Every structure is written in C-alpha cells, then in structure tokens.
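# Structural description and commentary
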Amino acid sequence: MKVESEAQLAEAVREATGPLMVRGGGTRPVGRCVGEALEVAISGISLYEPGALTMVVGAGTPLAEVEAALAAEGQRLPFEPGQWGAVLGAPGQSTIGGVVAANVSGPRRVQAGACRDSLIGVRFVDGRGDVIKNGGRVMKNVTGYDLAKLMAGSWGTLGVLSEVAFKLLPAAPTQATVVVDLPAGAAQVALAAALGSPFDVSGAGWVPGVGAVVRVEGLAQSVQYRAEKLASLLAPFGETRIEQDGSGAIWANLRDLTPFVGKTGDLWRLSVKPSEAADIIARLGGEVMLDWGGGLIWVLLPEGSDARALAAPYSGHATLMRGVTAAVFEPEPAPVAALSAGLRAQFDPRGILNPGRML
Amino acid sequence: MQMPRPDAGLLANKAQIVARLREVLPRDAVIDDPAETRAYECDALSAYRCQPLAVILPRTTAEVSASLKLLHELGVPVVPRGAGTSLAGGSMPQADSVVLGLARMNGVLETDYDNRFIRVQAGRTNLSVTGAVESDGWFYAPDPSSQLACAISGNIAMNSGGAHCLKYGVTTNNLLGATMVTMQGEVLEIGGAYLDSAGLDLLGLICGSEGQLGVVTEATLKILPKPEGARPVLIGYSSNEIAGACVADIIRAGILPVAIEFMDRPCIRATEAFCHAGYPDCEALLIVECEGSKAEIDEQIGMIRQIAMRHDPVEFREAASADEAARIWLGRKSAFGAMGQINDYMCLDGTIPVNELPFVLRRIEELSQDYGLDVANVFHAGDGNMHPLILYNANEAGQQELCEQLGAEILKLCVEVGGCLTGEHGVGIEKRDLMSVQFAPADLEAQLRVKDVFDPKWLLNPAKVFPLGMTESRRVS
Ligand SMILES: Cc1cc2nc3c(=O)[nH]c(=O)nc-3n(C[C@H](O)[C@H](O)[C@H](O)COP(=O)(O)OP(=O)(O)OC[C@H]3O[C@@H](n4cnc5c(N)ncnc54)[C@H](O)[C@@H]3O)c2cc1C
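Residues numbered from 1 in each chain as written. Chains lettered and ligands numbered in written order. Predicted model: local features only at pLDDT ≥ 70, side-chain atom pairs only at ≥ 80, totals over all residues. Heavy atoms only, no water.

### Looking at the environment of Ile281 of chain A
Tracing the backbone through its elements, the reader meets Ile281 of chain A in helix α10 (residues 277–284). Here the alpha-carbon distance between Ile281 of chain A and Trp298 of chain A, two residues 17 residues apart in the chain, equals 9.6 Å. (Helix = DSSP H or I, 4+ residues; strand = E, 2+ residues; numbered from the N terminus.)

This is how it looks when you write it as structure tokens:
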C-alpha cells in the first residue's frame, strides 16, 4: 500500500487490521520487517528558507532531492546522512523520513550533531491514526515535550512520519583531510588529539587502505591553516599528509561504507566510548572502519557471530545491521525497557507499527 | 495565576509527612520551618509565590530515590528544583507539595578529555562546569545569561540555551547521559559517554520535560576545546528592518558566527544609562561574534564588514583588544539588570522565523502603543529567539494583568508567523494556558500520554506545562 498524503496515511493506519511494515525507500532493512508494506510517498519540499536556515519537507521525499535543493543554495544537512542501500543490498531511493526514523548521521556527527539534533519539527500519524505535530519550523523551541527527538531513531515503531523539519548549515566552500598512516588499533589516540584541539575538526575516522583521517571544512585560508596545524599536531603518531582533492571521496566512502560493499559476513555497528575502541576491535577481529573519533565502529564478522559477546565489556551499544541473530538492537536494562514498552503501548496501542522491529 | 486546589488531607498531614521524610533522610536534609522554606516559595517569576509543605535537600542519588519512593507511596506531589532561576514558574511550589532541591549535589564526578566529557552531580551550576575544565583549555558550551546561578538540572529540565547556541546548540545537543530517578524511586541510567541511544531516545525526551518525567541527579555533558580566540563586532543601524536584513545576509553568505545578538533602541538607551558601555544611540544594534585563529577571525569579520557596509550602518566597531571586546558585550550582558533598574519587567521568550523579524518588531511596537506599556527588545537574532521585555509598574493596580495580556498577545503573534511560545525559558505556569494556541488537542494528548508512562500518578511537578483543565482528571484520580 502506498500513501501520498498525510490524510491517506492516517486513513491507512486507522483502517489497518494487522501489522504494517512502514517503509520510505526501503534502503535500510534493519531489524525485523513484518506485515503489510506501507510505503510513505508523501513527497515534496513544502518550505525552504535559506535566510532562516530551515526546511520543511514531506517524509517520503528522496534524500537526493533534498540534498540537491540545498546544494543549489549553498547549504546542506548538517549531519551528513549516509546511503546504506549498497552495503545492505537494498538498492532504492533513500527518503528523508527514513533517514529520520533511523536517526542516520555520518562523519560530521562529531561536530554538528546527529540527525536528531538538526530535527526541529515533525508531523506523524500514531498507531491510533491520529495526526500529531511536535516542534515546528524554528531553530529554538522548548514548547512542550520534545517528541521530535523521540521519533528520530524510533524506526517507525511509535508513529509514521509524514513531514520533517530541519535546521541547516551553510555548505563549507573548502575541505581538506589530514591522513595519518596508522593501523586501526592505533587510530583512536590520534583522533582524540585532533578532536581535543581548537581546530574545529568535522570528521575523525579510520578507513581501510587510507589510514586515520581528520577533516577540516570552511573558508579556504582557514582550512589551509587548520590542516597544517593538525598535520604537525599528528606527526608524532605516524607519517602525515594533507589530502585536498581526494578529501570528499574519503568521507563519502566512510559515510556510505563503500569499502564493505559486496563483501560477505554480518555487518555490525557499535557506538562506544571512544577510548575503548582499540581493545574492542582487538577482541572483535574482522574488518573494521572507524568514525566519530573511534566512537563508532563498523565491523564485518563471519556470519552468525555475536559481536556483543566478542566485544564485551564495552560502554555503549551494538546493532546488527545485516545478518541474522536473536537481537538486532542492544537489549536495554529492564527499567529502561519498561519505559520504552510503555511509550510504544501509548503511541501504538494495537501494536501494528513495525512490530518487533527494534528487538 | 490559577493553581490546583491543594489536597486538604496532605496539608493536614504535614507533620507526619515530614516525620516520614526524616526517617529516610539525614536531619539537616529536611526543612519544614516556614521561615526557612520561604526561600523556596518562588523562582525568578517572582510575581507568583507559594509555600510548600516542606523542602528536602538530598546529597546522593540514593537519598533522592528513597525520598521519592516514600512520597510516591504517600501520594505527595514533588517539585524538583535546581537554583530557582526559572523565568516561567517552573520551580514554583504548590501548597501540598514537597520541593526537592538539588543544591547540595554539586560535585564533579569525572572529567575525561580523551572522550571529551564531564560527569557532574546535576545541582552544579552551569558556569562552574566550565570552571572545572577551563584551566585545561576546555569549556561547556551552553551559556544561559543566568549561568552564574542556574544549575545543570534546571538547564536539562528547560533545555536551556545561551548566546553562543547558534554554533554550539542548546542543552539537549550537549547532553550525553543522565542518571534519573523516577517518581516511583527507580534509578535509571540513560545514555552515557558514547553517542546516540541504543533504543528510543529517552534522553532527548527527558531534556526539556520541565521536571515532569523524573528527577535528574547526575549528568554526562559534552565538553569542547576552547577556540584559539574570539572577537565581537558591533554594528549600529537606523532601523530594525535594516538590521534584520543584515542578519539574513550574513547567514545567506555562508558565514556562521557563534553569536548574533540584537538590541533595539529602548534597550540600548536603558543599558547605556545603566552601564555606559559606549553604544551608539541608534535604532538597532547587532553584536556578532566570530571564533578561531586571528587570521580566521580577520577573514570572517572582513566578510561581515562588507555585508554590513552594504546596509549603510550608523557605526561598525571591531574590538581591537580584549578590553574593547568586553565593552561590546557589557551592555548586552547587563541588559536584563538595566531594565530591572528602571522598571519591573516581564521577559518573553518566543521564537519566530528570522525572516519575520522586521514585521514582528513593527507589530510589537503597535501592540505596545495599544496597551500603553513600553517594550524593549534584546534577543538572539541568528536563531529568531526573541526576548521582548515588557516594562510595567507592579505597584500600580492592574498593570501586572495588563502586562500579562500584552505578553500573551505577543506570544500569539510569534505562533501566528510560524514560531513558538518559548525558545529557551520553558512553559512552566506562565505559558501553560497558551499551549492550546500552538498545539491541537491531539498534539497535547500525545505529550500527556508520555507523562502517563513515566509518572502514572501525576505527582511530579503536575501543575505545569499543560492547561490545568486538560490535566485535571489525571491529577486527581
Ligand atoms: C537573569 C536571568 C537570565 C536568564 N537567561 C537565560 C538564558 O540566557 N537562556 C535560558 O535558556 N534561560 C535563561 N534564564 C532562565 C533560567 O535561568 C533557566 O531556565 C535555567 O535553566 C533554570 O535553571 P535552575 O537551576 O535555576 O532551575 P529551576 O528554576 O530551579 O528549575 C527549572 C525547572 O527545572 C526543573 N528541575 C530542576 N531540577 C531538576 C531535576 N533535578 N530534575 C528534574 N527537573 C528539575 C524544575 O522543576 C523546573 O521545572 C534566565 C533567568 C534569569 C533569572
């Protein structure tokens, strides 16, 4: 079933008699997917004010369309969402609603925050079929509870997004990447040094075949200055060089997990305390990529591996992005799980929206 | 301001409630002498006051848990309190409530530069969080003007902002984790020294929930390395429209200063008289601050100068020294104090889409004339968060009511142009009854259901945020 307006969406949910599998472009098939497909095709940019750095857009609008409209005005989504279709073997057009539902944030997360941090408003249809709005179209808003944050990363289990609003950033005219020749296990300390410097780092990761990478963005002179400062700061950790022309591709690859495309095995994503990264990846084995200064570990493991057991102990959480084991999402401590279950029961009393998706 | 009728049974049982609290808390942590609890009868919305049954000042999460469990069992409403600087009446007690103050929980638990966080007890003041890491070259970004006094717990509850949030975001964008005690006394760890949530984003939900979902006792906060330097410029214009256009052009040019502050003539005049910052006598004044190395700041300010000049400023002043920078900020930072010197004032906090700025300022001026009350404007122009200050005389009969009516008109105007009732101060009791201007019943019902999950008996700060009529059946059942 495909819906093209909020009214159709509300009707579809109200009249549903069984589980609905909510989907945008279907490019993020993470977690249990059961029920009748409900495709949200509510598309179009309803408001874009470059002078106010804000945009309101239908949840079914392709991400590519949003990014093209922003690029035309020299602006961008601050959180640099990745496309996972290729690595998850689910080709298609990512939608902006799917990005929000999965709270997808790329390398710039360390500087500009997650998708949820840029999300300033939502409209959604809850499991009762009621249309609910929260937040709005202004950058600062503390009026009532922040349900927009709750919707971000709820994978369509609390409501089906119909419209989302963002605050934006000017696109930086220039970028450069300082590359340090280091193995993954030695990267985190170097990345922490970079992130602890005053040079306003907008990406800090480790990419196979490249090394530890640190990005700066901004006005040309400033980028040049900060890249040089960082290169000398990082020199004690390994051989460094500054990548100008190739900088964009390095981060697009990390963002979209390009080095893992076409490779077999289970794909896990671990968000951890960065300083634990070296020990965790040593225990995990497998092929890794690091983002967020080491706080985000992407790892390919043999099919059926339990990354949680291998990585333990760690502070953070692990998600099985591709593969089959019992729990896709990190099990929550009992009192937190009880609150989450309570919220689901309130927003979706019939339990029809992506049931079990976040287990 | 209407408050729910206090529960007569609880009022009659005060002595017993206090005695039971003394069983679970150290003696000095329970205050019931009205002479002492008077200090807690209001917050910074001081026109409204109410004595609570008692005040408790626990020192540990375990003590918070034990007292909440008891008060839950006894059915006593609880009003959490940080430093009591809320401008919305968020921490004002109700007569049959116990105030739970965090003032004694102000320690630093852990600082970790490698992972860029600090963990503190939530009663710690905002400024002293930065104070704990400053000498090592770090800072905590959200900087409400009240930062010397306000507590992190209040910041989290209100999702407070500050002058520099254009670049660094507000509290919710800088909060990594929290220890929270539910009304039932259960201790929850939410988030931590890692990014994003394993499941639903409960941290994002708690932040800004005005003390209605749980009592936050500890917080893990993101800290940042201090920039190499910062420098403000001051730009004066002969009209609000031109100043507004300049702000929009700066943003459109792709420059993102850390702060863009705006003051109008009544505000400029009052602050000049108060602190002699040396501001030009003009209609509108912008303070724009840039950060980075000296060369980077020069580059940005060069671009801002070009844009500003196109709009023919009355004055463009760049700080050439730390002393001049401090003078540029002096007037802005003393603005509230200055207004307080000449009058009583009520500080509003609506946000508007920035392109509506000239229209909204014009409309506020018209309303000000209709009501016969002066309004001064000082606000965060980069993000559209306005702070109209309505001046009135509290001793003159009827002025308080008139002022509140004008305030409500202005906030409705903010909503009409696509904005909201409050950008950073919160709803509290002050804007409770305007919520239905911004939200449809279903929107509010969804929020009430969230509280039903966390606090089914509706005991935590129950008379705030939502119109009383909407919550009555939940509060009394
Ligand atoms: C002169 C002045 C300037 C100000 N400037 C700004 C500004 O620039 N930006 C801004 O955002 N605000 C500003 N404020 C408003 C105010 O300072 C903020 O709202 C602040 O965060 C309140 O903190 P507090 O510790 O004083 O909280 P309180 O007033 O004690 O409480 C505020 C709310 O938090 C709840 N609360 C407190 N502790 C807890 C806890 N442990 N658990 C759960 N809930 C709790 C209370 O119940 C209440 O609802 C200003 C206020 C003044 C007086």
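That covers the picture; the talk isn't over yet.
### Here's the deal with the site of the ligand
Residue and element names in this part refer to chain B. The local shell around the ligand holds 33 residues, among which Pro80, Gly82, Thr85, Ser146 and Ser160 are the closest. Contact between the ligand and Asn155: an oxygen atom at 2.8 Å from a side-chain N or O atom of the residue. For the ligand, the protein covers 93% of the area, taking 980 Å² as the surface of the free molecule. Counting residues per element, the ones that place at least two in the shell around the ligand are β3 (78–81), α6 (152–158) and β10 (215–222). Per-element accounting of the shell around the ligand gives the leading share, five residues, to α6. For the shell around the ligand, the per-class residue count stands at 13 nonpolar, 17 polar and three charged. Residue assignment places the shell around the ligand across two domains, with domain 1 (8–103) and domain 2 (108–225) each supplying three or more. (Near = heavy atom within 4 Å. Polar contact = N/O pair within 3.5 Å; in protein donor to acceptor, adjacent residues only side chain to side chain. Areas by Shrake-Rupley, 256 points an atom, 1.4 Å probe, with all protein chains shown as cover. Nonpolar A, V, L, I, M, F, W, Y, C, P; charged D, E, K, R; others polar. Domains from an automatic or database assignment.)

### Digging into the pairing of strand β13 (residues 259–264) of chain B
All names here are of chain B. Burial runs high along β13: six of the six residues are buried. Alignment of β13 against strand β17 (residues 375–380), held across three bridges, turns out to be antiparallel. Within the sheet, the bridge partner assigned to Met263 lies in β17 and is Val378. (Buried < 20%, exposed > 50% of the residue type's maximum accessible area, 1.4 Å probe, protein only. Pairing = 2+ DSSP bridges.)

### Quick notes on the packing of helix α14 (residues 357–371) of chain B against helix α15 (residues 399–416) of chain B
All names here are of chain B. Contact pair α14 / α15: the axes reach a minimum separation of 11 Å and the direction vectors enclose 155°. Comparing their axes, α15 and α14 come out roughly antiparallel. Here α14 and α15 pass one another in a crossing that is right-handed. Taken together, the residues of α15 that come into contact with α14 (itself represented by Phe359, Val360, Arg363, Ile364, Leu367, Ser368 and Tyr371) are Leu402, Gln405, Leu406, Glu409, Ile410 and Leu413. The residue inventory of the contact of α14 with α15, partitioned by class, reads nine nonpolar, two polar and two charged. (Axes fitted to C-alpha atoms, helices over the stretch in contact; angles between N-to-C directions. Parallel < 35°, antiparallel > 145°, perpendicular 65-115°, else oblique. Left-handed = near helix turned anticlockwise from the far one by under 90°. Contact = heavy atoms within 4.5 Å.)

### Some words on the packing of helix α17 (residues 441–454) of chain B against helix α18 (residues 468–476) of chain B
Residue and element names in this part refer to chain B. At their nearest, the axes of α17 and α18 sit 11 Å apart, and the two run at 30° to each other. By the angle between their axes, α17 is roughly parallel relative to α18. Here α17 and α18 pass one another in a crossing that is right-handed. Residues Pro441, Leu444, Glu445, Leu448, Arg449 and Asp452 of α17 form the contact with α18, whose participating residues are Met470, Thr471 and Arg474.

### Focus on the interface of chain A and chain B
Across the contact, 75 residues belong to chain A and 89 residues belong to chain B. For the pair chain A and chain B, the summed buried area comes to about 6500 Å², and 59% of that belongs to carbon and sulfur atoms. Among the residues of chain A in contact with chain B, Lys140, Val142 and Tyr145 of chain A are the three that bury the most area, contributing 15% of the side total. At the boundary of chain A with chain B, the tally comes to nine salt bridges. A salt bridge links Asp201 of chain B to Arg116 of chain A, with the nearest nitrogen and oxygen atoms 2.8 Å apart. One can count 23 residue pairs in polar contact (both at pLDDT 80 or more) joining chain A with chain B. Per-element tally for the side of chain A that touches chain B: the top contributor is helix α12 (residues 334–347) of chain A, with nine residues. (Buried area = accessible area lost by both parts, 1.4 Å probe. Salt bridge = Lys/Arg side-chain N within 4 Å of Asp/Glu carboxyl O.)

### Concerning the sheet that holds strand β3 (residues 36–40) of chain A
Residue and element names in this part refer to chain A. Strand order in the open sheet formed by three strands is β1-β3-β2, and the pairing between neighbours is parallel. In this open sheet, the two strands that pair with only one neighbour each are β1 (2–3) and β2 (20–23). Here β1 runs beside β3; their pairing, made up of two bridges, is parallel. Paired with Lys2 across the two strands is Glu39, which belongs to β3.

### So, the environment of Asn253 of chain A
All names here are of chain A. Structurally, Asn253 can be placed in helix α9 (residues 247–256). Taking C-alpha positions, Asn253 is 19 Å from Cys115, a pair spaced 138 residues apart along the chain. Sequence-distant contacts of Asn253, that is, excluding residues within four places in its chain, are made with Thr258 and Pro259.

### Some words on the nonpolar core
Of all hydrophobic cores here, the largest spans 229 residues; its most connected members are Phe166, Leu270, Ile297 and Leu343 of chain A together with Leu205 and Phe454 of chain B. Tallying contributions element by element places α15 of chain B first for this core, with eight residues. Not counting the four nearest positions on each side in its chain, Phe166 of chain A is found in contact with Leu53, Thr54, Met55, Val57, Leu77, Phe79, Ile96, Val100, Cys115, Ser118, Leu119 and Ile120 of chain A. Ala270, Ala277, Ala376 and Leu389 of chain B belong to the second-largest nonpolar core, a separate cluster that totals 24 residues. (Core = buried A, V, L, I, M, F, W, Y, C linked by side-chain atoms within 4.5 Å.)

### Looking at the UniProt feature "domain: FAD-binding PCMH-type" (unreviewed entry) in chain A
UniProt marks residues 1–171 of chain A with the feature "domain: FAD-binding PCMH-type" (unreviewed entry), using the numbering shown here. Across residues 1–171 of chain A, the secondary structure splits into 23% helix and 27% strand, with the terminal C-alpha atoms separated by 37 Å. (UniProt positions renumbered as here; feature names shortened; annotations may be inferred.)

### As for unusual backbone geometry
In the segment running from Ala312 of chain A into Pro313 of chain A, the intervening peptide bond is cis, with an omega of 0°. You can see Pro313 of chain A is positioned in the loop between α11 (307–311) and β18 (316–322). Positive phi is not limited to glycine here, since Arg116 of chain B has a value of about 60°. Position of Arg116 of chain B among the secondary structure elements: in the loop between β5 (108–112) and β6 (117–121). The exposure class assigned to Arg116 of chain B is buried, which follows from its relative accessible area of 13%. One non-glycine residue, Glu210 of chain B, lies in positive phi territory at about 55°.

### Observations concerning the domain arrangement of chain B
Residue and element names in this part refer to chain B. Per the domain assignment, the segments of chain B are domain 1 (8–103), domain 2 (108–225), domain 3 (230–336) and domain 4 (343–416). Taking only C-alpha atoms, the centre of domain 1 and the centre of domain 2 are 23 Å apart. Each partner contributes residues to the interface: domain 1 has 18 residues there, and domain 2 has 21 residues. Across the interface of domain 1 and domain 2, roughly 1400 Å² is buried in total on both sides, 71% from carbon and sulfur atoms. The largest share of the area that domain 1 buries against domain 2 comes from Thr61, Leu68 and Leu102, three residues that together contribute 35% of it.

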